[in-house]
Amino acid sequence: MRSLRSGFSLASAVVGAAATLGALLAAAPAAHAADVPLRESADAKGKVIGTAAGGSHLTGARGEITGREFNWLTPENAMKWEAVEPSRGTYNWAEADRIVDFAQAHGQQVRGHTLVWHSQNPSWLTGGSFTPAELRTILQNHISTEMTRYKGKVAAWDVVNEAFNEDGTYRQSLWYTGLGTDYIADALTWARAADPAAKLYINDYNVEGVNAKSTALYNLVKSLKERGVPIDGVGLQAHLILGQVPSTLQQNIQRFADLGVDVAITELDIRMQLPATQAKLAQQAAEYKAVMNACLAVARCTGVTVWGFNDADSWVPDVFDGYGAATPYDENLAPKPAYYAIAESLGGTGQPGPGDGCKATYSVVSQWNTGFTGQVRIDCAGTALASWKANWTFAAGQRISQAWNANCTQSGTAVSCSNLSYNGTVPAGGSVTFGFNGTWSGSNPVPVVTLG
Ligand code: G3I
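All figures in this text were calculated on a predicted structure; none of them were measured in a lab. (Residues numbered from 1 in each chain as written. Predicted model: local features only at pLDDT ≥ 70, side-chain atom pairs only at ≥ 80, totals over all residues. Heavy atoms only, no water.)

In the vicinity of the ligand lie 14 residues, with E76, K80, H113, E267 and W307 positioned nearest. Contacts to the ligand include N77, whose side-chain N or O atom sits 2.9 Å from an oxygen atom. Contacts to the ligand include Q237, whose side-chain N or O atom sits 2.9 Å from a nitrogen atom. The fraction of the free accessible surface of the ligand (790 Å²) that becomes covered by protein chains is 45%. Of the residues contributing to the shell around the ligand, the split by class is three nonpolar, seven polar and four charged. (Near = heavy atom within 4 Å. Polar contact = N/O pair within 3.5 Å; in protein donor to acceptor, adjacent residues only side chain to side chain. Areas by Shrake-Rupley, 256 points an atom, 1.4 Å probe, with all protein chains shown as cover. Nonpolar A, V, L, I, M, F, W, Y, C, P; charged D, E, K, R; others polar.)

Given below as structure tokens:
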């Protein structure tokens, strides 16, 4: 790690020599964490706090938050059949590997998602014409190939996903129509053989409360247990709507647990009609807390995974017109009331941590050929700071060569700048600014700055 420390201002010399392009005042907001990361509180309780992730969401501020706040990761799409075997016999593990590697590097467990589903299957499979015997072999081979690749690296698998219709009848998927009901028992049996240590789940949506669909799932799990079919857990996806958290959630979790299986909330989000208002966000926070508490109240509920931690990456607006704001962080990657509600339910204080109430704004003051001058301004509203540290990740290979009014270090793409002896204190209503020179090539995008 290189240390670049200086306490002087040389902006005028550099800017004077440079072909200044004018102030590129692109600003990015800061993202703040609670005083204790969610995963630390969850670890202390032996519970999962996870997020779904795409392989392209593991760098920069997204990567920092994903690594800092969550102890489990679920690949949002990367392990689905169409992603891993787009042509028959041709595998592409790149994105799934990236997520698994990230998880291992950050001490996180992986939830594999998903092996047997009616959706996101490759066209060679859905458009093919196979005898039942061929289909069985194809399915067994898929389960065995994918689970063997990640043996020891994926702690739990959503083996079967979304097997039921809303009325509790079986979904007429290619698996059901081709192989009959026992495709589920067979898939679980093949999964156990492929990785005996992995926890095997059946996962579905609209099964959070007691209703016809969840009762059908309950009856299936009961009969699988009675038959000795390997099943370790039930995943309740929990794609919920503001104001509609089922009142029977805890009771439903408990009845599955009483069958002798684990229960996990696997894909939590709570969507609202846009625009989001303070009142809706406060209600959402209370509802996130209610879901957390329902899980935490049942010993066999392993914990909660959110389906993407921030509103910018959420699947919701793409699918539900006019709805969004469903996750615990907003589109600028700043935590919402829901984030603090989760923190509180896990036993954290739910209070903003150092740096909250303050925001950092990164600006490119000028840039030329291969050089630039940047600055970060920290503004504090209701909170005072006794010291500060501003962190960010450069996305395009920029490097800092010199800093003033801060002690900056850069390791790879990660930059961390802390106060000097004379400017650590920022009173409520006050601000502090530090600057730096750096190099760039190609592009010079503005990073998201996190205060720590
Ligand atoms: O990869 C293609 C890209 O090449 C193309 O340009 C783009 C154009 O639309 O589409 C991309 O594929 C999209 C894919 O996500 C990857 O981003 C698909 O259109 C889109 O339909 C797909 O949506 C995913 C959805 O599952 C598919 O059913 C969502 O991201 C994902 O969050 C969602 O997750 C599911 C769970 O697996 C199961 N439970 C419900 C949950 C929400 O639907």
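Let us look at the nonpolar core. Inside soluble globular proteins, nonpolar side chains tend to come together where they are buried. Grouped together as the largest cluster of nonpolar side chains are 93 residues, with contacts concentrated most on I265 and L268. With residues up to four places along the chain from it excluded, the contact list for L268 reads Q237, A238, L240, Y288, V291, V304, T305, V306 and W307. Core analysis: the next-biggest nonpolar cluster, separate from the first, contains 26 residues, C380, W392, C408 and V415 among them. (Core = buried A, V, L, I, M, F, W, Y, C linked by side-chain atoms within 4.5 Å. Buried < 20%, exposed > 50% of the residue type's maximum accessible area, 1.4 Å probe, protein only. Contact = heavy atoms within 4.5 Å.)

With that settled, consider the confidence of the model for the chain. Within the chain, residue pLDDT values average 90, and 90% of them lie at 70 or more. Across residues 1-31 the pLDDT falls below 50, and counting only partners more than four positions away or on other chains, this stretch makes 86 contacts in the model. (pLDDT = per-residue confidence, 0-100.)

In the segment running from H113 into T114, the intervening peptide bond is cis, with an omega of -5 degrees. Relative to the elements of secondary structure, T114 occurs in strand 5 (residues 109-116). Backbone geometry at N206 places phi at a positive 55 degrees, although glycine is not the residue there. Within the secondary structure, N206 sits in the loop between strand 7 (199-204) and helix 10 (212-227). In this structure N206 comes out as partly exposed when scored by relative accessible area, which is 31%. A positive phi angle is found at N405, which is not glycine, with a value near 60 degrees. (Helix = DSSP H or I, 4+ residues; strand = E, 2+ residues; numbered from the N terminus.)

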